[in-house]
Protein chains: 2
Amino acid sequence: MARTRGRRPGGLDTRSAIIAEARRQFGEVGYGPSTLRTIAAAVGVDPRLVLHYFGSKKGLFEASVELPVDPEVVAATVLRAADGDVGTRTAELILSILEDPSRRLVFTGLLRAAVSDPEAAPLIRDILATRILLPIAQAVGTDQPELRAALVASSVVGLAVARHIVGIEPLASASREDLVRALAPVVTHYLRGDWPTSEEPA
Amino acid sequence: MARTRGRRPGGLDTRSAIIAEARRQFGEVGYGPSTLRTIAAAVGVDPRLVLHYFGSKKGLFEASVELPVDPEVVAATVLRAADGDVGTRTAELILSILEDPSRRLVFTGLLRAAVSDPEAAPLIRDILATRILLPIAQAVGTDQPELRAALVASSVVGLAVARHIVGIEPLASASREDLVRALAPVVTHYLRGDWPTSEEPA
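Since the model is a prediction, treat every value here as computed from it, not as a measurement. Starting afresh in each chain, residues are numbered from 1 along the sequence in its written order. Numbering of ligands from 1 and lettering of chains from A proceed in the order in which they are written. Selection of residues for local features in this predicted model requires a pLDDT of at least 70, selection of side-chain atom pairs for listing and counting requires 80 or more, and totals for whole chains, interfaces and linings are taken over all residues. Each side-chain value is derived from all of the structure's non-hydrogen atoms; neither hydrogens nor water enter the calculation.

(A) View of the relation of the copies chain A and chain B. Superposing chain A onto chain B takes a rotation of 180° combined with a translation of 0.0 Å along the rotation axis, leaving an RMSD of 0.0 Å. Classification of the inter-copy transformation places it as that of a two-fold axis. For chain A, the residue whose C-alpha comes nearest the rotation axis is Gly158(A), separated from it by 1.7 Å. Two residues form a contact once any of their heavy atoms are found within 4.5 Å. Interface residue correspondence from chain A to chain B reaches 100%, placing this contact among same-surface, isologous pairings. Superposing copies: least-squares fit, C-alpha atoms only, residues required to have pLDDT of at least 70 in both.

(B) Helix α7 (residues 101-116) of chain B, seen in detail. Secondary structure elements follow DSSP: runs of H or I of four or more residues count as helices, runs of E of two or more count as strands, with numbering from the N terminus. Multiplying 1.5 Å by the residue count of a helix minus one yields the expected span of that helix. A rise of 1.5 Å per residue sets the reference length of α7(B), with its 16 residues, at 22 Å; its end C-alpha atoms lie 23 Å apart and thus fit the reference within 8%. Those residues of α7(B) not exposed but buried are Arg103(B), Val106(B), Phe107(B), Thr108(B), Gly109(B), Leu110(B), Leu111(B), Ala113(B), Ala114(B) and Val115(B). The cut-offs for exposure are 20% and 50% of the maximum accessible area for each residue type, with area from a 1.4 Å probe on protein chains only; residues under the lower value are buried, those over the upper are exposed, and the others partly exposed.

(C) Structural context of unusual backbone geometry. Residue and element names in this part refer to chain A. Following Glu169, the chain continues into Pro170 via a peptide bond in cis, with omega recorded as 5°. Looking at the secondary structure, you find Pro170 in the loop between α9 (145-165) and α10 (176-192). The backbone of Gln144 sits at a positive phi, close to 45°, despite the residue not being glycine. Relative to the helices and strands, Gln144 resides in the loop between α8 (121-140) and α9. Take Gln144: its relative accessible area is 30%, and that puts it in the partly exposed class.

(D) Structural context of the interface of chain A and chain B. Taken together, the contact between chain A and chain B spans 42 residues of the former and 42 residues of the latter. Summed over both partners, buried area is the accessible surface (1.4 Å probe) that two parts give up on being assembled. In total, about 3,400 Å² of surface goes out of reach between chain A and chain B, with carbon and sulfur atoms giving 73% of it. Here a salt bridge means any side-chain nitrogen of Lys or Arg lying within 4 Å of a carboxyl oxygen belonging to Asp or Glu. Counting every contact that joins chain A to chain B gives zero salt bridges. The definition of a polar contact used here is a pair of N or O atoms within 3.5 Å, where within protein one atom must be able to donate a hydrogen and the other to accept one, and adjacent residues in sequence count solely through side-chain atom pairs. Inspection of the region where chain A meets chain B yields six residue pairs in polar contact (both at pLDDT 80 or more). Of all elements in the fold, only α7 (101-116), α8, α9 and α10 of chain A reach the threshold of two or more residues within the side of chain A that touches chain B. Ranked by residue count, the leading element in the side of chain A that touches chain B is α9(A), at twelve residues. Note on residue classes: Ala, Val, Leu, Ile, Met, Phe, Trp, Tyr, Cys and Pro are nonpolar, Asp, Glu, Lys and Arg are charged, and everything else, Gly too, is polar. Tallied by class, residues from the side of chain A that touches chain B come to 28 nonpolar, six polar and eight charged.

(E) Structural detail: the nonpolar core. Definition used in this section: a nonpolar core is a set of buried Ala, Val, Leu, Ile, Met, Phe, Trp, Tyr and Cys residues joined via side-chain atoms within 4.5 Å. With 144 residues, the main nonpolar core has Leu60(A), Phe61(A), Tyr190(A), Leu60(B), Phe61(B) and Tyr190(B) as its most contacted residues. Discounting residues that sit within four places of it in the chain, Tyr190(B) has contacts with Ala182(A), Leu183(A), Val186(A), Arg148(B), Leu151(B), Val152(B), Ser155(B) and Trp195(B).

(F) Main features of the side chain of Thr108(A). Mapped onto the secondary structure, Thr108(A) falls in helix α7. The residues touching Thr108(A), leaving out its near neighbours within four places in the chain, are His164(A) and Ile165(A).

(G) Layout of the pattern of salt bridges. All told, the structure shown has 13 salt bridges over all chains when counted by the stated rule. The salt bridge partner of Asp178(A) is Arg181(A), with a shortest N-O separation of 2.7 Å. Here Asp178(A) pairs with Arg181(A), and both are found in helix α10, just three residues apart, close to one helical turn. Overall, the relative accessible area of 23% leaves Arg181(A) in the partly exposed class. Lys58(B) is the salt-bridge partner of Asp126(B), the closest N and O atoms lying 3.4 Å from each other. In this pair, Asp126(B) is assigned in helix α8 (residues 121-140) and Lys58(B) in helix α4 (residues 57-65), connecting sequence segments 68 residues apart.

(H) Region of interest: the packing of helix α2 (residues 36-43) of chain A against helix α3 (residues 47-54) of chain A. Residue and element names in this part refer to chain A. Closest axis-to-axis distance for the α2/α3 pair is 8 Å, and the angle between their directions is 110°. On the basis of the axis angle, α2 is roughly perpendicular to α3. Crossing handedness for the pair α2 and α3: right-handed. Between α2 and α3, the residues in contact are Leu36, Arg37 and Ala40 and Pro47, Val50 and Leu51, respectively. Of the residues belonging to the contact of α2 with α3, the class tally is five nonpolar, no polar and one charged. All axes here are fitted lines through C-alpha atoms, helices being fitted over the stretch that makes contact, and every angle between N-to-C directions spans 0 to 180 degrees. For classification, angles of less than 35 degrees are called roughly parallel, those exceeding 145 degrees roughly antiparallel, those between 65 and 115 degrees roughly perpendicular, and all remaining angles oblique. Less than a right angle of anticlockwise turn of the near helix away from the far helix marks a crossing as left-handed, whereas a clockwise turn marks it as right-handed.

(I) Representation of the confidence of the model for chain A. All names here are of chain A. On average, residues of chain A carry a pLDDT of 82, and 83% of them reach 70 or more. Each residue carries a pLDDT score, the predictor's confidence in it, ranging from 0 to 100. Ranking the elements of chain A by mean pLDDT puts helix α5 (residues 71-79) last, at 69, and α2 first, at 96. Below pLDDT 50 for its whole length, residues 1-7 participates in twelve contacts with residues either more than four positions away or in separate chains. If you check the scores for this complex, the pTM reads 0.79 and the ipTM reads 0.78.

(J) Layout of the packing of helix α6 (residues 86-98) of chain B against helix α10 (residues 176-192) of chain B. Residues and elements named next belong to chain B. It is the contact of α6 with α10, at a shortest axis distance of 7 Å, that shows an interaxial angle of 125°. As summarised for this structure, α6 and α10 are arranged oblique, according to the angle between their axes. Here the hand of the crossing between α6 and α10 comes out right-handed. Contacts between α6 and α10 involve Val86, Gly87, Thr88, Thr90, Ala91, Glu92, Leu95 and Ser96 from the former and Arg176, Leu179, Val180, Leu183, Ala184, Val187, Thr188, Leu191 and Arg192 from the latter.

Here is the structure:
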């Protein structure tokens, strides 16, 4: 760890060190107070190198969660199974993020920030609803994909808060397999269900 | 408002004034920093009177959200319809809390606090999962009512965060009727679905 104060050469090793430090700061310090500058300083590199690698703080955040943010990749991953199984695939994608300790730490850190920090709220919206879930909803091909993606996002957020932040038992200690089984039909319902979304007068 | 500094006589009017002030402080200041003392001071009454009326800060909070915290009343309210409609009844109960501006303010205030304040986290667990939703799950009579109640709680928390705190569109501006229609089958699935919750080796 002594060399973290020295200037690193560019390359994969430096990129990995930046991501590791970003995960630490986003998870422990929070999204708001962590900046390209504080992360670069801890790694011992020029902030411009961080900017060069990741484009922005948001880009660095996405890399640190390893979110599959390419819409086509997401849709292909989730939809490679038969259509009827899209709920399970999506539930597994969600759980793969939440059940990995370091990615969960970043995700829950962002969620904590989104609840109290206006800077972080759009990030939850953009990454979770728009970039991950909207392509899935669009690929499923039902009506109102934006509303469907937002409802799936609400179930992800609720699960993360209830299980990992507030710690409601026995949900907090339920197995990943049980959660996929419980969540998959919910995702399927939100994505494919023919619940009416009419514009009836209230 | 000039009389709020004076000592009030006991009675319904004072009780209402305490609840109104509690809603304001819980919603605007947050659950943690609001105390029986700060609320009593703003109303101009002795903190012991607040304690007398509500028993505890938690009791005052429950009264301020007007949560139906009597398990038998909750179960009776939700289950008075035919069994198959328990999801809709529960969804309506949840939305009746979230769609009322002053009760929503208290609920989202608590949620913000629960995410960052260890003092408030157990309150979400106790009130939402244990006191409101567990009696419903138990009355429905399926297996693992605690897990089912916690999963419904997660969907309530997710809806509140996504719709009212983070503001994910178009969920944030969806109608209450559409939300009941979207949420009801999810609640039904969590409460009554026969998704396996086996203890298979992970």
